[in-house]
Amino acid sequence: YEEVLPFSEGLAGASKNGRWGFIDRSGRWVLSPVYGSVDSFSEGRAAVQSSKAPHLYGIIDTRGGTILPFKYQRIYPFSSGLARFFHWDRFGFLDRSGTMELSASLEWAEDPSQGLAFYIHDNRQGFRKGNTVVISLDCAGGHSFSANPVVALVRSCKDGRWTYIDGAGATWKGGYIDATNFENGFAFVRLEDQEAYSLLNDRGEVFALESDIRPGW
């Protein structure tokens, strides 16, 4: 093999002679290398790119069956039953059958996380599930939801401070002048009257840190 991607759902993308397919853990080709590029499988689906111009993307299942023919300029991995896709400078969402849940109409969208995807369009931003806006934000500066805890970091236009919201848009913790996304259940936060950062865990508990311990940004 020329390159091998990490295993996901028992298969790994691999390339040979400039073409991509999928192998199992024994190294056997399960899906022959016929694609221009591939993404790892997620939720039983993988985005694959045609090796022929204009090199559009489609979707296959783990047996190589075509879910969606080569159709869009880019398709991203599935999460929470939806995949973000890009076509002609706009983003939209596909369901697992390859049907458009939302046409390519958004100026920006991120991959769904915990069922919700951050988006920006026409000077509006928030979180949506496919074609349904679930949470609207009054200020730019949102981040995708983390897995542990299930919160998203957003910014207030009133005072510029950062707040963690839950999946209903309610404040979980807030009032920070600096804050990071959660990683492995922890985030760095700092209040206005604090010189040093604190560590916030997934239960909402705050732990003081030495002044020389700072986020790596």
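Reading the values: rules and limits
Residues numbered from 1 in each chain as written. Predicted model: local features only at pLDDT ≥ 70, side-chain atom pairs only at ≥ 80, totals over all residues. Heavy atoms only, no water. Disulfide = S-S within 2.5 Å. Helix = DSSP H or I, 4+ residues; strand = E, 2+ residues; numbered from the N terminus. Salt bridge = Lys/Arg side-chain N within 4 Å of Asp/Glu carboxyl O. Phe/Tyr/Trp six-rings, centres within 6.5 Å; stacked < 30°, edge-to-face > 60°. Buried < 20%, exposed > 50% of the residue type's maximum accessible area, 1.4 Å probe, protein only. Lys NZ or Arg CZ within 6 Å of the ring centre and 35° of its normal. Pairing = 2+ DSSP bridges. Axes fitted to C-alpha atoms, helices over the stretch in contact; angles between N-to-C directions.

### Regarding the state of the cysteines
And then number 1: Applying the stated criterion across every chain, the model contains one disulfide.
And then number 2: Between the sulfur atoms of Cys139 and its disulfide mate Cys157 the distance is 2.2 Å. Judged by the torsion about the S-S bond (90°), the Cys139/Cys157 disulfide is right-handed. Here Cys139, found in the loop between strand E16 (132–137) and strand E17 (152–155), pairs with Cys157, found in the loop between E17 and strand E18 (162–165); they are 18 residues apart in sequence, far enough to count as distant.

### A closer look at the pattern of salt bridges
And then number 1: Within the structure shown, the criterion is met by seven salt bridges.
And then number 2: A salt bridge links Arg74 to Asp39; its shortest N-O distance comes to 2.9 Å. On the criterion of sequence distance, the pair formed by Arg74 in strand E9 (residues 74–79) and Asp39 in the loop between strand E5 (37–38) and strand E6 (45–49) is long-range, its members being 35 residues apart.
And then number 3: Among the salt bridges present, the one from Arg203 reaches Glu205, with a minimum N-O distance of 3.1 Å.

### Examining the packing of aromatic side chains
And then number 1: Tallying each qualifying case throughout the model produces 13 aromatic pairs.
And then number 2: Plain terms: the ring middles of Phe86 and Phe91 are 4.9 Å apart, the flat faces sit at 55° to each other, and that makes the pair tilted.
And then number 3: Residue Phe91 is classed as buried on the basis of its relative accessible area, which comes to 6%.
And then number 4: These aromatic residues form a ring-pair network of at least three members: Tyr164, Trp172, Tyr176 and Phe182.
And then number 5: The side chain of Arg128 reaches across the aromatic face of Tyr119, ending 4.8 Å from its centre.

### Topic: the sheet that holds strand E15 (residues 124–129)
And then number 1: Ordered in space as E13-E14-E15-E16, the four strands form an open sheet in which the pairing is antiparallel. Here the strands that pair on one side only, and so sit at the sheet edges, are strand E13 (108–109) and E16.
And then number 2: Bridge count between E13 and strand E14 (residues 117–121): two bridges; the pairing is antiparallel. Its bridge partner lying in E14, Ala109 is registered against Tyr119.

### Quick notes on the pairing of E14
And then number 1: With four of five residues buried, E14 is to be regarded as a mostly interior element.
And then number 2: Relative to E15, E14 runs antiparallel, the two sharing five bridges. The partner of Ala117 across the bridge, within E15, is Arg128.
And then number 3: As consecutive antiparallel partners, E14 and E15 are separated by two residues, and within that stretch Asp122 has a phi angle of approximately 50°, a positive value.

### Here we look at the sheet that holds strand E11 (residues 90–95)
And then number 1: In spatial order, the strands read E9-E10-E11-E12; together these four strands make up an open sheet with antiparallel pairing. Every interior strand has two partners, whereas the edge strands, E9 and strand E12 (100–106), have only one. Adjacent strand axes in the sheet meet at a mean angle of 15°, parallel and antiparallel pairs treated alike.

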